[in-house]
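What follows is the residue order along each chain.
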Amino acid sequence: MINILKKLSSLILISKNNEQNITKQNKIYNQDEYDKKILYEKWCRKREWLLYDEGILLLLSIDPANRETLREDLIEKINNLKFHASDCVRNGLLSVINIDKSEYKWKVTPVDLYHWAMVSRINIPDELNTLMAFVTQSVKNPNNYFSTNHKNLIDDVYQFHKEVVLGATTSLLANSPDICRNNEGKIDSTIIVKKIIENERHWFNGCESKLSESDMTSLIKQYIAMSKPIY
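Residues numbered from 1 in each chain as written. Predicted model: local features only at pLDDT ≥ 70, side-chain atom pairs only at ≥ 80, totals over all residues. Heavy atoms only, no water.

1. Here we look at the side chain of H161
One can find H161 in helix α6 (residues 150-175). For H161, the residues in contact, after removing those within four places along its chain, are M118, F204, E208, S209, K210 and L211. (Helix = DSSP H or I, 4+ residues; strand = E, 2+ residues; numbered from the N terminus. Contact = heavy atoms within 4.5 Å.)

Right under this line is the structure:
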């Protein structure tokens, strides 16, 4: 009986310790989430960022003010992303405000960098993604917030998401053709769209699709009709 009570006491103690650890972890996580939110609200008020010393760091959840105390693994990630960004600038895939300046003085608008990160399928921090998604969808006059052409940006993102829908459809048809068909054995765009929406954040790099469910269905129907055998 005494042994049972000892075991029970031990289990209760372990349970309490686990609860305390979980509470501590949640507090740390919530504080980290809050700190990131404040960080991005501060930086997204700026009209432009230095591409290397600010923009790249922010995409990696790093406060540019703390760049002097970075771990080696983070430095490697930063350098890899800098190399990719530099390559994209030279190929016209990332817009730089002052392309005539030296590389380490290049500046970008926050929206242009966000757009590039989306297209490049970079894992954008949730806090930055939420804020920038709101800006790109809700700001009526982008000149009051960022110096960029808002309408063209939205058109580009919408076009990109159409490509994602078609890519997801191709993937589903290639890898899981049976789940894309209705009871009559015909490819059903409605079923495909539901499957895409089930994993929306995966396909759209952590974002919500800019296309409605009916838009996606119509798009897929259009291409199914075009892909009938040609004789």
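2. A look at the confidence of the model for the chain
Residues with a pLDDT of 70 or more make up 74% of the chain, whose mean pLDDT is 77. Of all secondary-structure elements in the chain, the lowest mean pLDDT belongs to helix α1 (residues 2-43), at 56, while strand β1 (residues 49-50) reaches the highest, 93. A low-confidence stretch, residues 1-9 (pLDDT under 50), is modelled with zero contacts involving residues beyond four sequence positions or located in other chains. Per-residue pLDDT stays below 50 along residues 11-16; that stretch engages in zero contacts with residues further than four places along the chain or on separate chains. (pLDDT = per-residue confidence, 0-100.)

3. Some thoughts on the packing of helix α2 (residues 51-59) against helix α3 (residues 72-90)
At their nearest, the axes of α2 and α3 sit 10 Å apart, and the two run at 115 degrees to each other. If you check the angle between α2 and α3, you find them roughly perpendicular. Where α2 crosses over α3, the handedness of that crossing is right-handed. Facing α2, whose interface residues are L51, Y52, D53, I56, L57 and L59, α3 presents I78, L81, K82, A85, S86 and V89. By residue class, the composition of the contact of α2 with α3 is nine nonpolar, one polar and two charged. (Axes fitted to C-alpha atoms, helices over the stretch in contact; angles between N-to-C directions. Parallel < 35°, antiparallel > 145°, perpendicular 65-115°, else oblique. Left-handed = near helix turned anticlockwise from the far one by under 90°. Nonpolar A, V, L, I, M, F, W, Y, C, P; charged D, E, K, R; others polar.)

4. A closer look at the packing of aromatic side chains
This model, assessed by the stated rule, comprises two aromatic pairs. Seen in terms of ring centroids, Y52 and Y104 are 5.1 Å apart; in terms of plane orientation they differ by 65 degrees. Their pairing is edge-to-face. With a gap of 52 residues between them, Y52 in helix α2 and Y104 in the loop between α3 and β2 (107-108) connect regions that are remote in the sequence. On the basis of relative accessibility, which here comes to 4%, the residue Y52 falls in the buried class. Residue class for Y104 comes out exposed when judged on its relative accessible area of 56%. An aromatic cluster is built from Y52, Y104 and W106, whose rings are joined through pairwise contacts. (Phe/Tyr/Trp six-rings, centres within 6.5 Å; stacked < 30°, edge-to-face > 60°. Buried < 20%, exposed > 50% of the residue type's maximum accessible area, 1.4 Å probe, protein only.)

5. Brief notes about the nonpolar core
Grouped together as the largest cluster of nonpolar side chains are 52 residues, with contacts concentrated most on L51, L94, L113, W116, V165 and I196. At the level of secondary structure, the elements contributing two or more residues to this core comprise α1, α2, α3, α4 (110-119), α5 (126-138), α6, α7 (189-198) and α9 (213-226). Look past the residues within four positions of I196 in its chain and what remains in contact with it is V165, A168, T169, L172, W203, F204, M216 and I220. (Core = buried A, V, L, I, M, F, W, Y, C linked by side-chain atoms within 4.5 Å.)

6. Points about the pattern of salt bridges
By the definition in use, this model includes five salt bridges. Between R90 and E103 there is a salt bridge, with the nearest N and O atoms lying 3.1 Å from each other. Taken together, the residues span a long stretch of sequence, with R90 in helix α3 and E103 in the loop between α3 and β2 at a distance of 13 residues. In this structure E103 comes out as partly exposed when scored by relative accessible area, which is 24%. In this structure, the salt-bridge partner of K194 is E213, at a minimum N-O distance of 3.5 Å. Placement of the pair is K194 in helix α7 and E213 in helix α9, with a sequence separation of 19 residues. On the accessibility criterion, K194 (46% relative accessible area) is partly exposed. (Salt bridge = Lys/Arg side-chain N within 4 Å of Asp/Glu carboxyl O.)

7. Here's the deal with unusual backbone geometry
Despite not being glycine, S61 shows a phi value in the positive range, around 65 degrees. The residue S61 is located in the loop between α2 and α3 in this model. According to the relative accessible area criterion, S61 is partly exposed, its value standing at 28%. Its identity is not glycine, yet R121 carries a phi of approximately 55 degrees, on the positive side. Within the secondary structure, R121 is located in the loop between α4 and α5. Taking the relative accessible area as the measure of exposure, R121 reaches 41% and is therefore partly exposed.

8. A closer look at the environment of E48
Tracing the backbone shows E48 in the loop between α1 and β1. Linking E48 and I97, residues 49 residues apart in sequence, is a C-alpha distance of 8.5 Å. Those residues in contact with E48, other than ones at most four positions away along the chain, are E54, I97, K107, V108, T109 and P110.

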